[in-house]
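In case you want the letters, here they are:
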Amino acid sequence: MISQERMSRAERADRVMTSLRKVIPAPETELAHGNPFELLVAVVLSAQCTDERVNKVTPALFDRYPTIEAMADAEPEDLFPLIRSISYPNNKAKHLARAARMLRDEFGGRVPETSAELKRLPGVGQKTAEVMISAAFGGAALAVDTHVFRVANRIGLVTERATTVEKVEKELKRTLQEHTWGDAHHLLILHGRYTCTARAPKCDDCVLPPLCKTWGRIAALPPAREGLDARRGAYYCATRQHYFDAPDRVTDRHGTEQISCPRCGSMNVFDARSGATTKRVKDYRIG
Ligand code: SF4
């Protein structure tokens with residue numbers, strides 16, 4: 001079996017997608033929609049908001065404004081009450097009303113299929129354009145949202161230089177075969193949403209540990225120490241073999257803040273009460 005270190009990113013990506021496809025048989029958007037216009041509205045609404053919440057408001061919104069023409073006649077104040085439970089409802093109501101007008105007046109009443117045209121619409125940035133191209137029109141696109149960013153970094157599908165959404169998108173597109181981009185986008189989103197969650201990844205329920213770089217680092221963390229005496233101090237430095245209460249904090253080479261020994265600077269520190277290592281694994285979020 002090939003070791004984690006020797007595996008190329010392309011090979012890791014290929015195996016990751018194969019493993020994820022087995023547990024996520026239907027990798028597709030969870031935003032309810034019936035046509036490209038509805039998907040566009042739903043994706044605009046989903047910025048900084050959960051798909052679940054968006055799906056609660058769109059049925060009434062689409063009932064009231066079922067077409068581009070209908071929404072183009074609406075004012076932001078008409079849309080606001082229907083989307084008030086979504087984050088940033090004021091801005092989103094303005095974006096939707098203006099976007100519908102542009103679609104009617106400048107795009108012949110249809111949703112455009114190119115990134116440049118889509119990004120002319122209010123409220124539509126790179127991520128939304130990529131989602132539309134891939135999910136609405138089946139084109140080659142790979143949108144990077146907070147889940148894709150975190151999961152790609154944790155698994156090791158991108159290099160440690162991929163510190164921005166743009167860099168992650170570029171590296172993933174270079175690594176993955178073009179015909180798999182849309183699939184990969186949904187697989188990574190759904191994996192991030194339900195398993196490799198931001199705060200507490202469910203590594204025990206995950207199918208990826210043999211392929212995941214973060215798991216490799218977690219697994220490499222020292223085991224819990226037994227027999228520590230919490231009455232002698234909150235922390236135990238295993239390098240100098242002494243207890244202390246007030247730790248120092250240092251940033252390791254992965255950019256993660258770690259507890260360190262105030263006397264020798266070692267990060268080989270354990271919680272005296274639980275015996276667990278205090279070392280943390282880098283948590284990737286969009287900065
Ligand atoms: S093993 Fe853990 S960190 Fe790695 S992908 Fe799975 S859930 Fe995420």
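Residues numbered from 1 in each chain as written. Predicted model: local features only at pLDDT ≥ 70, side-chain atom pairs only at ≥ 80, totals over all residues. Heavy atoms only, no water.

(A) Representation of a positive patch on the surface. Residues Arg9, Arg161, Lys170, Arg174 and Lys213 make up a contiguous surface patch of positive charge. Inspection of the secondary structure assignment puts Arg9 in helix 1 (residues 9-23). (Patch = residues over 30% accessible without salt bridge, like charges linked within 9 Å, V, L, I, M, F, W, Y side chains within 5 Å. Areas by Shrake-Rupley, 256 points an atom, 1.4 Å probe, with all protein chains shown as cover. Salt bridge = Lys/Arg side-chain N within 4 Å of Asp/Glu carboxyl O. Lys, Arg positive; Asp, Glu negative; His and termini not counted. Charge placed at Lys NZ, Arg CZ, Asp CG, Glu CD. Helix = DSSP H or I, 4+ residues; strand = E, 2+ residues; numbered from the N terminus.)

(B) Examining the environment of Met71 more closely. Take Met71: it is sitting in helix 4 (residues 68-72). Looking at Met71, the relative accessible area reads 0%, which means it is buried. Put simply, Met71 and Glu166 are 95 residues apart on the chain and 32 Å apart in space, counted from C-alpha to C-alpha. If we skip the residues at most four places from it in the chain, Met71 touches Phe37, Val41, Leu61, Tyr65, Leu79, Leu96 and Ala100. (Buried < 20%, exposed > 50% of the residue type's maximum accessible area, 1.4 Å probe, protein only. Contact = heavy atoms within 4.5 Å.)

(C) How the structure looks around the packing of aromatic side chains. Taken as a whole and assessed by the stated rule, the structure comprises two aromatic pairs. Ring geometry for Tyr235 against Phe244: centres 5.6 Å apart, planes inclined by 25°, an arrangement best described as stacked. Judged by its relative accessible area of 7%, Phe244 falls in the buried class. Centre to centre, the rings of Tyr236 and Tyr243 are 5.0 Å apart; their planes meet at 55°, and the pair counts as tilted. As far as the burial class goes, Tyr236 and Tyr243 line up, both buried. The ring of Phe270 has Arg225 sitting right over it, with the charged end atom 5.3 Å from the ring centre. (Phe/Tyr/Trp six-rings, centres within 6.5 Å; stacked < 30°, edge-to-face > 60°. Lys NZ or Arg CZ within 6 Å of the ring centre and 35° of its normal.)

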